[in-house]
Amino acid sequence: MKTENNNQRGFWGSRLGFILAASGSAIGLGNVWKFPYIVGENGGGAFVLIYLVCIFIIGTPIMLAEFTLGRKTNLNPVGAFASLKPKSSFIGIGYMGVLAGFLILSFYGVVGGWTIAYVVKSVTGSVLSFTSPKEAGAFFGNFISNTGETLFYHALFMGVCIAIVLRGIHGGIEKACNILMPTLVLFLFLLMIRSLTLDGAMEGVAFYLYPDFSKINGNTVLIALGQAFFSLSLGMGCMITYGSYLSDKENLTSSTFYVVIFDTMIALLVGMVIFPAVFAMGLEPAEGPSLVFSVLPTVFTSMPMGHVVAVIFFTLLAIAAITSGISLLEVVVAYFIDQLGWQRKKAVLIVGLAIFIFGVPSGLSFGAMADIKLAGMTFFDHVDNIASNYLLPLGGMLTAVFVGWVWGTKNAHEEIEKHKNIFKFPWAQCWEFLIRYITPVAVGIVFLAKILP
Ligand code: PFF
């Protein structure tokens, strides 16, 4: 199956292309929209510190494990586990990943659609006439409850992802990320300078960088760990899929390092854009999920060159969402290409359309279907909850167990050291210890804490 479909699968054109594409998957709404608002809600600096610990001792080892599985097998998550341990129940990790990709993209596409809408609305200036965050919040609430408008932008977001994934790995995904990712970094630097030179910005910097541990409790640690997973695109085989398009020559350890550093740097940069601005405007850092959409337009409105800043910011957010959206779509598509032998075109069109249709009730969860709730949660909340809080942690933990104990770190080592790449002391020993003991136990605790009342 592996060879006959290789022409349908494709490979990365260069090492940099791979690193940018994997970073493009990692960097998304998780960094630009979610990271600042949960830092704001959880007390600032101390939360950032805990998040960084989770990234380095849990996220990084799992990312290397996923890249290694992908490159070893050249397959999607289902095929990867099936080929290394045929007929075992570990194949279930792969199915869970494909399912998680389907579910996450179905609601991610909705929020992605909002970002495209805000690009358009900031170009026309309609989100730039607010005198208070309250007004901006009401405008946002009005927008997300409008069925026709949100459906249109949701479809547009999915259409863009489908168009890019249709062109395949080298032509589509890699080319898009080559241009988009460096632009993102450049714009963030510009915005950071703008933010830091506002009157009163330093108060925001202090909130963001000064760790006040009195604001930390057990739940904060769980939130930080979950965010590390979501932000690095781990636990659903996304990095298995991206690793599967890598050639044997590439150095997996340094690629992992670059992707983790890049993702973390962007999240930290976004914080340096948001918090100085929020404090300079005398706004609340604990605004919640509406922070970006309802508070920032007020900030932009009262800023010199606010119109330009708004257009750039929402463009960044849309770009980041698209490069993550395509990675989610690719996971599901790769399964149909590898396991069921479908042509790429057929797989992308059918899967993309199915994900969009399944996402429609999520899109309506803020308007027409807002009152249809099960256990107090809307359709959107349920899909997000099942995928992000159950499937990702479970998938990540089982992947660590699989690589650490079932397939074995010895085999993983061999794969990592192909083509004279040396997995140096003490990093190799460190990784082995983390992936076998620390990672599964830590993620197990998060998972249990979520399912136990
Ligand atoms: N990492 C993406 C973000 O931070 O927005 C979201 C994501 C993409 C999660 C791909 C999982 C995934 F497989």
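None of the values given here were measured: they were computed from a predicted structure.

Asker: Outline the overall build of the chain, supporting the account with residue identities and numerical values.
Answerer: Within the chain, the regular secondary structure consists of 19 helices and 0 strands. A compact globule built from 453 residues should have a C-alpha radius of gyration of about 22 Å, and the chain, at 21 Å, falls within 12% of that. Along the first, second and third principal axes, the C-alpha atoms of the chain reach 60 × 45 × 45 Å. For the chain, with 453 residues in total, the buried portion stands at 59%. Taking the intrachain contacts of the chain between residues at least 6 apart in sequence as the baseline, contacts between residues at least 24 apart amount to 83%. By element, 68% of the accessible surface of the chain is carried by carbon and sulfur atoms, the whole surface being about 17,200 Å². Separation between the mean location of the 25 positive side-chain charges and that of the 23 negative ones in the chain comes to 11 Å.

Asker: Go over the packing of helix 6 (residues 91–124) against helix 15 (residues 306–340), please, and point to the residues and values.
Answerer: One can describe the packing of helix 6 onto helix 15 by two numbers: an axis separation of 8 Å at closest approach and a directional angle of 160°. In terms of their interaxial angle, helix 6 and helix 15 are classed as roughly antiparallel. In this structure, the crossing between helix 6 and helix 15 has a hand that is left-handed. Its residues assigned to classes, the contact of helix 6 with helix 15 shows 21 nonpolar, 9 polar and no charged.

Asker: Which residues make up the layout of surface pockets, and what values do they have?
Answerer: A volume near 870 Å³ is recorded for the largest pocket. Taken together, 35 residues form the lining of the largest pocket, with Lys 34, Tyr 37, Asp 384, Ser 388 and Asn 389 sitting closest to its centre. When residues of the lining of the largest pocket are traced back to their parent elements, those giving at least two are helix 3 (29–41), helix 6, helix 7 (133–144), helix 11 (218–231) and helix 17 (379–406). Sorting elements by how many residues they give to the lining of the largest pocket places helix 17 first, with 9 residues. Looking at the second largest pocket, it is lined by 18 residues, and the ones nearest its centre are Thr 60, Thr 253, Phe 257, Phe 423 and Trp 427. Going through the elements one at a time, helix 4 (45–73), helix 13 (252–280) and helix 19 (427–451) are the ones with two or more residues in the lining of the second largest pocket.

Asker: Now, about helix 16 (residues 344–363): what can you tell me, with residues and values included?
Answerer: Under the 1.5 Å per step criterion, the end-to-end length of helix 16 is 27 Å for 20 residues, consistent within 8% with the ideal 28 Å. Along helix 16, the residues classified as buried are Arg 344, Ala 347, Val 348, Val 351, Gly 352, Ile 355, Phe 356, Gly 359, Pro 361, Ser 362 and Gly 363.

Asker: Report on the pattern of salt bridges, specifying residues and quantitative values.
Answerer: Taken as a whole and assessed by the stated rule, the structure comprises 5 salt bridges. Linking Glu 415 and Arg 71 is a salt bridge whose minimum nitrogen-to-oxygen distance equals 2.7 Å. With Glu 415 in helix 18 (residues 409–416) and Arg 71 in helix 4, this residue pair connects regions lying 344 residues apart in the sequence. For the residue pair Glu 415 and Arg 71, the accessibility class agrees, reading buried in each case. Here Glu 415 makes a salt bridge to Lys 418, at a shortest N to O gap of 3.0 Å. A relative accessible area of 2% means that Glu 415 is categorised as buried. When its relative accessible area of 26% is taken as the criterion, Lys 418 is described as partly exposed. Taken together, the shared-partner salt bridges connect Arg 71, Glu 415 and Lys 418 into one network.

About the cut-offs
- Residues numbered from 1 in each chain as written.
- Predicted model: local features only at pLDDT ≥ 70, side-chain atom pairs only at ≥ 80, totals over all residues.
- Heavy atoms only, no water.
- Helix = DSSP H or I, 4+ residues; strand = E, 2+ residues; numbered from the N terminus.
- Rg over C-alpha atoms; globule rule 2.2 N^0.38 Å.
- Buried < 20%, exposed > 50% of the residue type's maximum accessible area, 1.4 Å probe, protein only.
- Contact = heavy atoms within 4.5 Å.
- Areas by Shrake-Rupley, 256 points an atom, 1.4 Å probe, with all protein chains shown as cover.
- Lys, Arg positive; Asp, Glu negative; His and termini not counted.
- Charge placed at Lys NZ, Arg CZ, Asp CG, Glu CD.
- Axes fitted to C-alpha atoms, helices over the stretch in contact; angles between N-to-C directions.
- Parallel < 35°, antiparallel > 145°, perpendicular 65-115°, else oblique.
- Left-handed = near helix turned anticlockwise from the far one by under 90°.
- Nonpolar A, V, L, I, M, F, W, Y, C, P; charged D, E, K, R; others polar.
- 1 Å grid on protein atoms, 1.4 Å probe; cavity = no way out; pocket = protein on both sides within 12 Å on 5 of 7 lines; lining within 4 Å.
- Points joined across faces, edges and corners; volume = space filled by probe spheres on them.
- Expected span 1.5 Å × (residues − 1).
- Salt bridge = Lys/Arg side-chain N within 4 Å of Asp/Glu carboxyl O.

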